[in-house]
Amino acid sequence: MAIQIPRGTQDILPGQSEKWQYIEGVAREMCRLFQYEEIRTPMFESTELFVRGVGDSTDIVQKEMYTFADKSDRSLTLRPEGTAPVARSYVENKMFGLVNQPVKLFYLAPIFRYERPGAGRYRQHHQFGVEALGSDDPAIDAEIISLAVGFFEKLGLKNLRVAINSLGDKESRVMHRTALINHFKPRIDEFCSDCKRRLEQNPLRILDCKVDHGHELMTTAPSIIDFLNEYSTNYFAQVQQYLQDMDVTTVLDPTLVRGLDYYNHTVFEVMFDSKGFGANATLSGGGRYTGLIEQLDGPATSGIGFGLGIERLLLALEAEGIELPTQKVVDCYFVSFGEAAEQRTVSLLHALRVAGLSAERDYQGRKPKAQLKSADRLEARYVAMLGDDELAEGKITVKNMKTSKQEKIEMTALVQFLQNK
RNA sequence: GUGAGCAUAGUGUAAUAGUUCGCACGUCACCCUGUGAAGGUGAAGGAACUGGUGCAAAUCCAGUUGUUUACCCCA
């Protein structure tokens, strides 16, 4: 049996990789406009970083990390999310001391989680993530959200729903959780088995249960918004106002929570609603984190960011029927008749490439007819044909593949001829 | 981690417990020995792995692996 690719991973092959490059290009361009700079952190970190940063009660840390010991018995973990490494780097490189705050960073990086693969979920996936560290200004929350939305729109995605919520500070979250349990517990027998399990595990999830969504307790359930203190309420109102000022449409979703421990205040998700699209409607998720930097032994610093999965984005683009521009241009394909011509092709081909023209030839000793076929399939703009006749005259036949017109030109004029086309 | 479906040439598919597993596209050759997108003829190339039941297994059963999908959770 041949060796197979590890479960939940995929090769990005030619034909597909061009799409990735395009998406990455759009991401970089957005970041340039919004003035975020690229950071590249290692693919693996001390396990401790994620245990402390992400939170040891989260699913990610409890069961999804690729953790291994190196030869010196250090416990290392393949990056399961993007924010903690950035926060670590911020602290380690003392970026809190930089004159310009917040420090605005982005990354394009592989993420590893040991989980069961499904629709739009992989063991290695790739995220475009953006983080702004060192500012409590609600304007930066709005900026981050508008960047995410702008990115999707630039790629032509429609049917987007931007869900937004505030978790307030940690206190409000704990109080809300208790209130939810008290609300549902007396009548939990009326709910489905999933909800019974959710009651202790994650009572908030009961609210978007598909089975019990009609139950009267659903509508009367306590909302997190009612548990926010004055600062949190005002902060959230300000974020929403700024978003409105930028014409970014959002939907308040009081049931929105995120699975990572470090989130406080603003949280948001960009959802893709399109029928035929699977259960993973979340294209992007993010929010504000206030305790993370301190948790990692840095000064009290607040940050906000988001991550979005490229694989899911590609699925969404496909579902929408959006074709990404992929340009692979072959300026000239060489077709040679006979051995002498084939030998002469080597230097001509090289000359074109040196001159900045993309050029290709046949390496399988195929017949001229088959060479033409290859040129056609590669969508070469021109074919340069060389045989004994041309060699004798010091000329070469150049054929425009679109118009099928061909002419014989001086061999020495080939580069110039093609450059002018 | 739980449940369900699927696994046939490079790709997409068909069939059925019983000779040599059919078709399409692709590949290659020839018709056409210096010209691509059309056509004709021909060729190469295939049952995920392991075990079981049967005279006989691609087909039935079990396990393994992979894959799709719904949960959980997330990007």
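What you see is a predicted model; the values in this text were computed from it and never measured.

**Description of the side chain of arginine 288**
Link 1 in the chain: Along the chain, the position of arginine 288 falls in strand β10 (residues 282-289).
Link 2 in the chain: The exposure class assigned to arginine 288 is buried, which follows from its relative accessible area of 1%.
Link 3 in the chain: At a separation of 3.0 Å, a polar atom in the side chain of arginine 288 contacts the main-chain carbonyl oxygen of serine 135.
Link 4 in the chain: A polar contact of 2.7 Å, which involves the side chain of arginine 288, links it to the side chain of aspartate 141.

**Regarding helix α13 (residues 368-377)**
A turn of α-helix holds 3.6 residues, and therefore any two residues three or four places apart point the same way.
Link 1 in the chain: For α13, the set of buried residues is Gln371, Ser374 and Ala375. Down the axis of α13, the buried set is contained in an arc of 100°. They therefore lie on one face. Every exposed residue of α13 that faces more than 90 degrees away from the buried side is listed here: Lys369, Lys373, Asp376 and Arg377.
Link 2 in the chain: The elements touched by buried residues of α13 are β12 (332-336) and β14 (382-386).
Link 3 in the chain: Two residues or fewer past α13, glutamate 379 is found with a positive phi of approximately 60°.

**Side note on helix α4 (residues 83-92)**
Link 1 in the chain: Burial analysis of α4 places eight of its 10 residues in the buried class, which makes it a mostly covered element.
Link 2 in the chain: Residues of α4 that are buried: Thr83, Ala84, Pro85, Val86, Ala87, Ser89, Tyr90 and Val91.
Link 3 in the chain: Looking at the residues trailing α4, positive phi occurs at lysine 94, about 50°.

Reading the values: the criteria
Residues numbered from 1 in each chain as written. Chains lettered and ligands numbered in written order. Predicted model: local features only at pLDDT ≥ 70, side-chain atom pairs only at ≥ 80, totals over all residues. Heavy atoms only, no water. Helix = DSSP H or I, 4+ residues; strand = E, 2+ residues; numbered from the N terminus. Buried < 20%, exposed > 50% of the residue type's maximum accessible area, 1.4 Å probe, protein only. Polar contact = N/O pair within 3.5 Å; in protein donor to acceptor, adjacent residues only side chain to side chain. Arc of directions from axis to C-beta. Contact = heavy atoms within 4.5 Å.

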